Structure formats: structure tokens, C-alpha cells
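Working through the structure, step by step
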Amino acid sequence: MSIYSASVGDSTSALASRLDQLMDGEVLVPDAGAVAALTVYGGPPRRPALIIRPRTAVDVARALPVLVESGLPVTTRAGGHSFGRRSVADGGVVIDVSGLSSVEIDAHSRVAMAGGGTTAGRYGEAVAAHGFVTGFGDTASVGIGGLTLGGGIGFLSRRVGLAADQLVGVELATADGNLRTVDAESDPDLLWALRGGGPGLGVVTQLRYRLTEIREVHGGVLLFEPDAHLLAALVDAVADGPDELSAMVNVLAAPPAPFVPERLRGHPVLAVIGAHSGSPRDAAVAWDVLRALGPVVADTVAAVPYGSLLRDEQAGDATAVTGAGFADRMDAARAERAIAALEDLRAPVAVINIRPMGGAIARVPVGATAFAHRDRRAMVIVSTIFSDSAAAETARPIVDTLVTDLSDGDAGYVNFLGDVPDPERRAFPPATLERLQRIRATVDPTGMFSRA
Ligand SMILES: Cc1cc2nc3c(=O)[nH]c(=O)nc-3n(C[C@H](O)[C@H](O)[C@H](O)COP(=O)(O)OP(=O)(O)OC[C@H]3O[C@@H](n4cnc5c(N)ncnc54)[C@H](O)[C@@H]3O)c2cc1C
């Protein structure tokens, strides 16, 4: 329990004292150090009025009714990888749940229980020690709460479904100060919303996931020189491939990594990054189908633990400009456009990321969860990072046009939409959004979690 710095207004100090009396965790009136620890991916630090660091779920539940009364914008921050930077608001109260990071495993029922601030990397290590996995995204430092609330697609999704599909239950602290246990029996409507409806329902203090026994995958990177027909063929081969193969196809400038031939470093390449989670023989067949599509210039595919494929990525103070759509076809003309775009973007870091969907993602009925894009063939994500915010500003319309050119319609995956106008309309079809808003109104009647 600590309150730092007295250089704030009376009402903030009074709120801080009140919260401090209610909670075991910390209440901070942020100094520069505390703000730096709360950066959100892809932009300079924001300046919240208060940071609370709960030690327990009960801390969160006790704090929420007081925060409702305060009228301040309230955000939850876990892994800090929100592309729309929605987890910290200037002048608001941040509930920093990163301390809620315990992971417990019930190996008998094959369920893991993880705190709402756990990262994919930490969770993965804990369950891998027992020979299990839950499929998340491609990045270890992303919070499982933020990722799962939006859906969560990664290197196992075509086999085991989205992260939201593996979610069997949640402990949710709601604005009224209750800690609700949400599962298919207790509250199917709320569980529907928590599976892909994005944030806005409360603070998730614990997530419970189905575990799958996978000790090793055959995964890594296949690198090819850029070619439009090849790009289109690679996307089709993954989309039409076995469910055990989940991979993304990237257009990017080759990194200066040891496995990349020197002549290609810094030049556009096609990179297939993914995992086959079936038998070694089936994995070899599936990867060979991709290898046969064009001359492979680098190949790191090997038998590895699933967790070793996840990167740890931070953007520091650099500005991220992101856009997302869904493509039902990737023909040579679109592929040509994707390859040429690297030049137009003039970004120090730019990736055109195509993620074939299908498999287990598509076997869940479209209306069964708030993630409603299960019938789409592939996600398209354009992701750029600029050290200069003026250059980032110039890139925004280029990214938007590129996403439009590569997509069918203007829908996008909520976790990758970034800072675009009207993200909810783009993330959710009308019937999904209407149901979601109805559910949000029951658990957050004042709209506290939608204000920031
Ligand atoms: C480098 C990078 C790689 C990514 N890769 C993938 C990927 O492979 N697949 C994929 O599907 N997505 C991916 N994403 C998107 C990512 O899933 C979302 O941005 C996600 O929301 C990040 O969650 P976080 O906890 O890290 O971020 P935060 O910024 O802490 O939170 C993001 C949002 O979720 C809310 N939130 C977080 N935790 C909780 C909680 N416990 N209770 C209530 N609300 C909560 C926050 O309030 C905020 O609105 C990636 C993002 C980045 C930056």
C-alpha cells in the first residue's frame, strides 16, 4: 500500500486515499518512473491521473464502485500491446493487472487457470512444463486477457481454434463491485461476449482455458524472394492445407538475422512463419508442399517447443500505424500490390501480414461467439513502426488504402484495427454489435469501461 507524490489535485488525492484504504495492492499517483513502466505499444507514454496495482481479484472488485463514482475514464492494462492504445488514458485511472499473473494447472481435467494480467509467454512456460499448450498469438509479451477478449489468432489456431475458443470460463470483476464466475452454465450470454467482443465488460481477473497435449511442433520460417504468384500460392496452400498447419505469410524487408543470406538483408522477401502440430511425418509433408512452391532461400523449420516460436516485441516510444481487414482471395494482382507497398510505406519497420484462417476457427458456428468472422478465408494486417511521429501521420492514409485494396469489405479484426474511426462498426457485424451492446449495458450500466 503506497501513495506517491502529493503534487496532484485534492480530488485525485482523496480518491487515491479512499482506494488505498480499500485495497491490499498499490495506489500510485504517477511520477515519471511509474508512467514509463506503463507504456502502451506504439506511441509515447500517456499520463494517467492514478495507477492502481491490485494484488488480488478482491482488490479490483472493491475498487470498481469507487471508480464508477469518480466519473474518471477507467482502463485496464495487462501486457500493454493494444494497437489502439486503449489500456492507458490521459487523465484516467489505470488498473494495472500485470501482478495478477499466477498460472495453475489441473492436469486431470486439462484446464489451466491464469490471472488476468498473465502474458502468453509466462502462461506458455507454465503449461509446457506439464506437456500442454493453449494456442495464443505470435508474441510472448502480449497479455492473454487482451488477446483472448478480441479472439486471439496464432500458430495453433487452425488446429485448436482461437484463444477465445479455448476459453472455458472467466472470473470477471464488474462495475457494481461483484466478482462473477462466468462459464457456459452460469452465464452463457456473458461468456459469448467475452469470447471475441473485445474489452468493455469489466476487469477479467482470471481466465480458464482448455489445454491440449502438444510437446513439440515442427515450426519456423521459410523465406522466399518476392514474387506475386508465389505469394498468392503460399496463402492458398496454407488456407487449403491440413488443420495441423497454422502459418502466416508476411511481406517484409528481410531482417539482418544469421539465417538470412546477406544479399537479401534489408530487401523485400516473403516469409512463411508457422507451426505444424501433427506427427513428424505429416509435418514434413505439409512443409514440403510449401517448399515446392518456389526456391527457398532460408529454412529454419525444425522440431521445437511451441513457445520458442513466440517473439518478445516492444515498440518503445516509436509510433505504430496499423490497419486490418479480411481477404477472401489473394490473387496475383493483390499479391503484387502487397509486395509493391513496402516501397510506398517508407517505414523503418513494415509488415504485410496475411493469416489464413479456416480449420478449427471455421468449425465454430459464426454466431457462437462475439468473434464473428469465422467464414473469412484470411486476415490481412498492415503493421508499420516509425521513429518520427510526423512520418507516421503521413503513412496513415497509405496504410488505410493498402488495407482496402487487399481486403473484401471493410470489416477488421478488433485486436489489429488500431486507431481507426468507428472501430466497433468495423469489428462487429450489426447483429453482433447490437447483442454486445445489450450485454455491456447489463454489466457496465454507466459505460465506465467504454469511455476511454
Ligand atoms: C507486437 C504485437 C503482436 C501481436 N500479435 C498478435 C497475434 O499474433 N494474434 C492476435 O490475435 N493478436 C495479436 N496482437 C494483438 C493483441 O492481441 C491485442 O493488442 C491485445 O489486446 C493486447 O493485449 P495486452 O494485454 O497485451 O494489451 P493491453 O494494452 O494491456 O490491453 C489491450 C486491451 O485489452 C484490455 N484488457 C487487457 N487485459 C484485460 C483484462 N484482464 N480485463 C479486461 N480488459 C483487459 C485493455 O483494457 C485494452 O483495452 C498483437 C499485438 C502486438 C502489439
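As a reminder, the structure under discussion sits directly above these lines.
Residues numbered from 1 in each chain as written. Predicted model: local features only at pLDDT ≥ 70, side-chain atom pairs only at ≥ 80, totals over all residues. Heavy atoms only, no water.

**Focus: the pattern of salt bridges**
Close approach of charged atoms allows side chains with opposite charge to pair. Within this structure, the stated rule accounts for 26 salt bridges. Between Asp328 and Arg376 there is a salt bridge, and its shortest N-O distance comes to 3.0 Å. Here the residue Asp328 occupies a position in the loop between strand E17 (319-327) and helix H11 (332-345), and Arg376 occupies one in the loop between helix H12 (360-363) and strand E19 (378-386), the gap between them amounting to 48 residues. Linking Arg334 and Asp408 is a salt bridge whose minimum nitrogen-to-oxygen distance equals 3.1 Å. You can see Arg334 sitting in helix H11 and its partner Asp408 sitting in the loop between helix H13 (389-406) and helix H14 (423-427), a full 74 residues away along the chain. Where salt bridges share partners, they join Glu26, Arg53 and Asp96 into one cluster. (Salt bridge = Lys/Arg side-chain N within 4 Å of Asp/Glu carboxyl O. Helix = DSSP H or I, 4+ residues; strand = E, 2+ residues; numbered from the N terminus.)

**Describing the site of the ligand**
Close to the ligand lie 31 residues, the nearest being Thr76, Ala78, His81, Ser87 and Tyr413. For the ligand, an oxygen atom lies 2.6 Å from a polar atom in the side chain of Ser87. The separation between a nitrogen atom of the ligand and a polar main-chain atom of Val204 is 2.9 Å. In isolation the ligand offers 950 Å² of accessible surface; the protein chains occlude 96% of this area. For the shell around the ligand, the secondary-structure elements that each account for two or more residues are strand E3 (74-77), helix H5 (144-150) and strand E10 (203-210). (Near = heavy atom within 4 Å. Polar contact = N/O pair within 3.5 Å; in protein donor to acceptor, adjacent residues only side chain to side chain. Areas by Shrake-Rupley, 256 points an atom, 1.4 Å probe, with all protein chains shown as cover.)

**Description of the sheet that holds strand E2 (residues 50-53)**
Reading across from one edge, E1-E2-E4-E3 is the order of the four strands in this open sheet, with mixed pairing throughout. Where the open sheet ends on each side, the last strands, each with one partner, are strand E1 (26-28) and E3. Averaged over all pairs of adjacent strands, the angle between their axes in this sheet comes to 20°, without regard to strand direction. Where E1 and E2 come together, three bridges link them in antiparallel fashion. Its bridge partner being in E2, Leu28 is matched across the sheet by Ile51. Sitting on the sheet, helix H1 (residues 10-22) is in contact with E1, E2 and strand E4 (93-96), with an inclination near 5° to E2. Against the sheet, helix H3 (residues 57-70) makes contact with E2, E3 and E4, and its axis sits at roughly 170° relative to E4, the strand it touches most. (Pairing = 2+ DSSP bridges. Axes fitted to C-alpha atoms, helices over the stretch in contact; angles between N-to-C directions. Contact = heavy atoms within 4.5 Å.)

**Overview of the nonpolar core**
Residues Tyr123, Phe136 and Leu194 are the most contacted members of the largest nonpolar core, which totals 67 residues. Residue contributions to this core peak at five residues, all from helix H8 (residues 188-194). When residues of this core are assigned to domains, at least three map to each of domain 2 (103-214 + 430-443) and domain 3 (217-424). What Phe136 contacts, discounting residues up to four positions off in sequence, is Ala120, Tyr123, Ile144, Leu147, Thr148, Ile153, Gly154, Phe155, Ala163, Tyr209 and Tyr306. (Core = buried A, V, L, I, M, F, W, Y, C linked by side-chain atoms within 4.5 Å. Buried < 20%, exposed > 50% of the residue type's maximum accessible area, 1.4 Å probe, protein only. Domains from an automatic or database assignment.)

**Considering the environment of Ala112**
Mapped onto the fold, Ala112 is located in strand E6 (residues 111-115). In sequence terms Ala112 and Thr212 are 100 residues apart; their C-alpha atoms lie 10 Å from each other. When near neighbours in sequence (up to four residues on either side) are disregarded, Ala112 contacts Glu104, Ile105, Tyr123, Val127, Leu207, Arg208, Tyr209 and Leu211.

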